[in-house]
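Structural overview
Letter by letter, the chains look like this.
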Amino acid sequence: MGTASGTFTTETLRRAIEGTTGNSLLALYTDDAEIRIVDHNAQPSHPKVVHGRSEIAELLDDIYGRDMTHKLEQCVVQGDRAAYSESCQYGDGTRVLAESMVILRDGKIAEQLLIQAWDE
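Residues numbered from 1 in each chain as written. Predicted model: local features only at pLDDT ≥ 70, side-chain atom pairs only at ≥ 80, totals over all residues. Heavy atoms only, no water.

This part is about the overall build of the protein chain. Of the regular secondary structure elements, the protein chain holds 3 helices and 6 strands. When its helices and strands are written in sequence order, the protein chain yields α-α-β-β-α-β-β-β-β. For the protein chain, the C-alpha radius of gyration of 14 Å lies close to 14 Å, the compact-globule estimate for 120 residues. For the protein chain, the spread of C-alpha atoms along the three principal axes comes to 40 × 30 × 25 Å. When the 120 residues of the protein chain are sorted by exposure, 38% land in the buried category. Across the protein chain, the fraction of contacts at a sequence separation of at least 24, relative to all contacts at a separation of at least 6, is 45%. A total accessible area of about 6900 Å² is found for the protein chain, and carbon and sulfur atoms account for 48% of it. The average position of the 11 basic charges and that of the 20 acidic charges among the side chains of the protein chain differ by 4 Å. (Helix = DSSP H or I, 4+ residues; strand = E, 2+ residues; numbered from the N terminus. Rg over C-alpha atoms; globule rule 2.2 N^0.38 Å. Buried < 20%, exposed > 50% of the residue type's maximum accessible area, 1.4 Å probe, protein only. Contact = heavy atoms within 4.5 Å. Areas by Shrake-Rupley, 256 points an atom, 1.4 Å probe, with all protein chains shown as cover. Lys, Arg positive; Asp, Glu negative; His and termini not counted. Charge placed at Lys NZ, Arg CZ, Asp CG, Glu CD.)

Our next topic: helix α1 (residues 10-17). When we look at burial in α1, the residues that qualify are L13, A16 and I17. All buried residues of α1 lie within an arc of 90 degrees about the axis, which places them on one face of the element. Buried residues in α1 make contact with α2 (23-26), α3 (52-64), β3 (68-78) and β4 (81-90). (Arc of directions from axis to C-beta.)

A word on the environment of E11. Secondary-structure assignment places E11 in helix α1. As for E11 and G107, which are separated by 96 residues in sequence, their C-alpha atoms are 13 Å apart.

Written out as structure tokens, the structure is:
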């Protein structure tokens with residue numbers, strides 16, 4: 001595994017998450033990255049798995065196409081690992097909280113486990 005010496009920093013992540021499109025965030029992933037998503041609909045024994053930049057781009061286009069804001073709350077980077085908390089809010093006030101643990105390779109996200117919950 002590489003170290004976090006490339007493009008991944010807390011400030012780069014903040015700008016990407018808090019932006020208005022998913023393009024900046026997509027740039028932080030390796031070409032072969034994988035995201036495992038666990039939530040109410042995709043529980044731990046059967047997470048939603050998104051493979052590669054094209055599938056990640058589709059996911060981010062969907063998320064950033066919604067009427068919502070995104071805020072990076074906390075981020076810790078240590079070597080080739082990072083963890084961060086993100087809060088989101090839809091225009092109608094519905095809130096989402098997400099926690100991610102990532103493995104970095106050459107300064108980009110190669111693997112991500114995302115656990116999220118939202119108001120119902």
